[in-house]
Amino acid sequence: MNNINIQSIAIIGKQNNPLYIKNFSKSHPDLKFHYIAHTSCDVIEERAGIAGSETADTYLGLLYVMEDLAVYGYITNTKVKFVVVLLVPDTVIKNTDMKNLFKKIHNVYINQVCNPFYNLDGKKSIISKRFIASIDAIGITSDDVISP
């Protein structure tokens with residue numbers, strides 16, 4: 001069984017405002033993941049622009065590698081961006097495993113957006129306890145995402 005070691009999960013709004021950034025790392029500071037999330041916005045927009053609106057696949061794959069971290073991206077049809085930062089693994093991570101991880105994150109985000117009290121056009125960070133607990137569960141139990 002492969003091991004995905006998630007260091008950070010970031011959700012960035014359609015206007016490139018951070019909606020939620022969670023640091024699961026004990027060795028890297030929070031500011032580093034804020035920097036990675038913002039620099040990945042340019043790469044995501046570039047790749048989404050190349051792909052165009054004709055493609056149905058919103059998974060963008062490996063965006064870039066920085067030091068010992070691998071940055072993966074995903075964009076929704078409403079231009080909300082998901083960024084997952086992993087420790088560079090010793091083994092190859094399959095695209096299907098990362099797609100499943102992003103689908104889980106997307107489902108948690110959809111549940112948040114379906115809340116009638118959530119402001120879709122707001123630029124405020126997501127503070128829902130249920131949302132935070134769900135993202136924490138994905139980040140902490142990332143080993144369960146991988147199928148044998």
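Our subject in this report is the structure included herewith. (Residues numbered from 1 in each chain as written. Predicted model: local features only at pLDDT ≥ 70, side-chain atom pairs only at ≥ 80, totals over all residues. Heavy atoms only, no water.)

## Observations concerning the overall build of the chain
Step number 1: When helices and strands are counted, the chain shows three helices and five strands.
Step number 2: Along the chain, from the amino end to the carboxyl end, the secondary structure elements read β-β-α-β-β-β-α-α.
Step number 3: Of all 148 residues assigned to the chain, the portion counted as buried reaches 45%.
Step number 4: Nonlocal contacts in the chain, meaning residues at least 24 apart in sequence, comprise 57% of its contacts between residues at least 6 apart.
Step number 5: Accessible surface for the chain amounts to roughly 8400 Å². Of this, 54% is attributable to carbon and sulfur atoms. (Helix = DSSP H or I, 4+ residues; strand = E, 2+ residues; numbered from the N terminus. Buried < 20%, exposed > 50% of the residue type's maximum accessible area, 1.4 Å probe, protein only. Contact = heavy atoms within 4.5 Å. Areas by Shrake-Rupley, 256 points an atom, 1.4 Å probe, with all protein chains shown as cover.)

## Overview of the nonpolar core
Step number 1: Of all hydrophobic cores here, the largest spans 27 residues; its most connected members are I11, V84, M98, I105 and I135.
Step number 2: Per element, the largest residue contribution to this core is six residues, and it comes from helix α2 (residues 95-113).
Step number 3: Dropping the residues within four chain positions of it, I105 is found in contact with I9, I11, F82, V84, I135 and I138.
Step number 4: Counting 17 residues, the second largest nonpolar core, distinct from the first, contains A10, I21, F33 and V83. (Core = buried A, V, L, I, M, F, W, Y, C linked by side-chain atoms within 4.5 Å.)

## Brief notes about the pattern of salt bridges
Any two side chains of opposite charge can pair if their charged atoms end up close together.
Step number 1: This structure, assessed with the given rule, holds three salt bridges.
Step number 2: The salt bridge partner of D136 is K22, with a shortest N-O separation of 3.6 Å. Highlighted residues: D136 in helix α3 (residues 129-140) and K22 in strand β2 (residues 18-23), separated in sequence by 114 residues.
Step number 3: Among the residues examined, D136 registers a relative accessible area of 19% and is labelled buried.
Step number 4: Notably, a salt bridge pairs E67 with K32, separated by 2.6 Å at the nearest N-O pair. You can see E67 sitting in the loop between β3 (59-66) and β4 (69-75) and its partner K32 sitting in helix α1 (residues 30-51), a full 35 residues away along the chain.
Step number 5: The class for E67 is exposed, based on a relative accessible area of 63%.
Step number 6: Among the residues examined, K32 registers a relative accessible area of 16% and is labelled buried. (Salt bridge = Lys/Arg side-chain N within 4 Å of Asp/Glu carboxyl O.)

## Some thoughts on the sheet that holds β3
Step number 1: Read across the open sheet, the five strands follow the order β2-β1-β5-β4-β3; overall the sheet is antiparallel. Two strands lie at the open edges of the sheet, namely β2 and β3, each paired on one side alone. Averaged over all pairs of adjacent strands, the angle between their axes in this sheet comes to 15 degrees, without regard to strand direction.
Step number 2: Across the sheet, α2 lies against β1 (6-12), β2, β3, β4 and β5 (81-87), angled at about 130 degrees from β5, the strand it touches most.
Step number 3: Relative to the sheet, α3 contacts β1 and β2, its axis offset from that of β1 by approximately 145 degrees. (Pairing = 2+ DSSP bridges. Axes fitted to C-alpha atoms, helices over the stretch in contact; angles between N-to-C directions.)

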